[in-house]
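For reference, the chains in residue letters:
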Amino acid sequence: MENSVDGSPGPSYPVSGAGNALRVVRLLHELDELRVMDVADRLGVARSTAHRILAMLVHEGFAAQDRHKVYRPGPALQAIRGSHAAPPPDLVTIAHPHLRRLADTVRETTHLMVLEGNGARFLDGVEGPQALRVSYRTGTLLPAHVTSGGKALLAALPADRLRPLFPNGLPGDRAKAPKDFESLVNELVSVRRDGYAINLQESERGVHAVGACVRDRTGAAVAAVAVAAPSVRCTRASLAALSRPLLAAVQDIGQVL
């Protein structure tokens with residue numbers, strides 16, 4: 001009888017097939033990439049058995065195979081990881097004064113968000129001081145590809161982690177958002193080049209926004225900050241001007257993390 005990861009005795013009845021599949025899911029979660037030989041060696045099974053386990057996980061969405069025959073977390077596992085992933089310690093506490101300072105500077109609403117699966121979860125926000133303003137969305141989950149901060153975070157992902165997030169194409173049906181995965185990929189090229197992403201009434205009619213990544217000291221994108229404003233006051237050209245104080249704010253947050 002085997003022990004579980006916490007040292008407690010495992011079940012006394014045989015569950016080798018399910019147990020092996022769960023072990024591979026755990027390995028994918030911990031290591032982010034596996035090959036058939038890795039699974040065979042770690043489980044002590046034949047490569048044909050390891051291949052069948054991985055094929056089943058691909059079918060169920062827990063794994064995805066890239067062109068190099070490397071298996072990585074699939075959309076189902078990505079969603080689980082995203083929904084349970086804790087933001088960096090004290091992220092909201094650290095970022096909030098910067099959100100407030102940025103809102104005071106640009107006189108528009110600021111948001112803090114993280115990537116959750118293929119969505120963007122709003123963690124905090126500060127409303128701008130003007131009478132006509134965008135409300136903050138704390139707690140809301142929107143498709144990442146329709147938000148400026150979400151696009152910035154998607155642009156920070158390598159291609160082999162981006163594609164599995166959209167196994168069935170882009171979710172939702174928003175008139176002004178990218179229409180398909182290829183259109184999104186093309187837009188993300190511009191986001192990487194400019195260092196920020198824009199949202200032109202894609203998440204909400206009458207709202208424009210610009211977003212950029214917060215990176216920790218290793219350079220990893222851990223969150224995004226966005227500035228949102230009514231489209232009647234904030235033109236597309238205005239978003240480029242707003243990007244300058246925004247980029248300064250995300251750099252300041254990253255230095256404190």
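Cut-off values and rules
Residues numbered from 1 in each chain as written. Predicted model: local features only at pLDDT ≥ 70, side-chain atom pairs only at ≥ 80, totals over all residues. Heavy atoms only, no water. Pairing = 2+ DSSP bridges. Helix = DSSP H or I, 4+ residues; strand = E, 2+ residues; numbered from the N terminus. Axes fitted to C-alpha atoms, helices over the stretch in contact; angles between N-to-C directions. Contact = heavy atoms within 4.5 Å. Buried < 20%, exposed > 50% of the residue type's maximum accessible area, 1.4 Å probe, protein only. Phe/Tyr/Trp six-rings, centres within 6.5 Å; stacked < 30°, edge-to-face > 60°. Lys NZ or Arg CZ within 6 Å of the ring centre and 35° of its normal. pLDDT = per-residue confidence, 0-100.

**Details of the sheet that holds strand β3 (residues 109-116)**
Next up, step 1: Spatially, 6 strands are ordered β5-β4-β3-β8-β7-β6 in an open sheet, and the strand pairing comes out antiparallel. Sheet topology places β5 (141-143) and β6 (197-200) at the edges, where each strand pairs with a single neighbour. Neighbour-to-neighbour, the strand axes of this sheet turn through a mean angle of 30°, independent of strand direction.
Next up, step 2: In terms of strand pairing, β6 meets strand β7 (residues 207-215) through 4 bridges, oriented antiparallel. If you follow N199 over to β7, its bridge partner there is A209.
Next up, step 3: Sheet strands in contact with helix α6 (residues 148-155) are β3, β4 (119-126), β6, β7 and β8 (221-230), and its direction is about 35° off that of β7.

**Examining the pairing of β4**
Next up, step 1: Burial within β4 is extensive, with 6 of its 8 residues counted as buried.
Next up, step 2: By the bridge criterion, 7 bridges tie β3 to β4 in an arrangement that is antiparallel. When the bridges of β4 are listed, L115 appears paired with A120.
Next up, step 3: Count of turn residues in the β3/β4 antiparallel hairpin: 2 residues, of which G117 carries a positive phi of about 65°.

**Considerations on the packing of aromatic side chains**
Next up, step 1: Counted under the stated rule, the structure contains 1 aromatic pair.
Next up, step 2: For the pair F166 and F181, a centre-to-centre distance of 6.0 Å together with 50° between the ring planes defines the contact as tilted. One end of the pair, F166, is in the loop between α7 (159-162) and α8 (181-194); the other, F181, is in helix α8, and 15 residues separate them in sequence. Each member of the pair, F166 as well as F181, is classed as buried.
Next up, step 3: The aromatic ring of F122 is capped on one face by R137, whose charged end is 6.0 Å from the ring centroid.

**A closer look at the confidence of the model for the protein**
Next up, step 1: Of all residues in the protein, 89% have pLDDT values of 70 or greater, and the mean over the chain is 85.
Next up, step 2: Least confident of the elements in the protein is helix α4 (residues 75-84), whose mean pLDDT is 66; most confident is α6, at 97.
Next up, step 3: Considering only residues more than four positions removed or in separate chains, one finds that residues 83-87, a stretch of pLDDT under 50, has 2 contacts.

**Things to note about the environment of L246**
Next up, step 1: Tracing the backbone shows L246 in helix α9 (residues 236-256).
Next up, step 2: Given a relative accessible area of 0%, L246 falls into the buried group.
Next up, step 3: As a C-alpha pair, L246 and V210 span 36 residues in sequence and 8.2 Å in three-dimensional space.
Next up, step 4: Those residues in contact with L246 that lie beyond four places of it in its chain are L102, V210, G211, A212, V225, A226 and V227.

**Some points on unusual backbone geometry**
Next up, step 1: With phi around 60°, R107 is a residue other than glycine that occupies positive phi space.
Next up, step 2: A positive phi angle, close to 60°, is found at Q201, a residue other than glycine.
Next up, step 3: The topology assignment puts Q201 in the loop between β6 and β7.
Next up, step 4: On the basis of relative accessible area, Q201 is assigned to the partly exposed category, the value being 23%.

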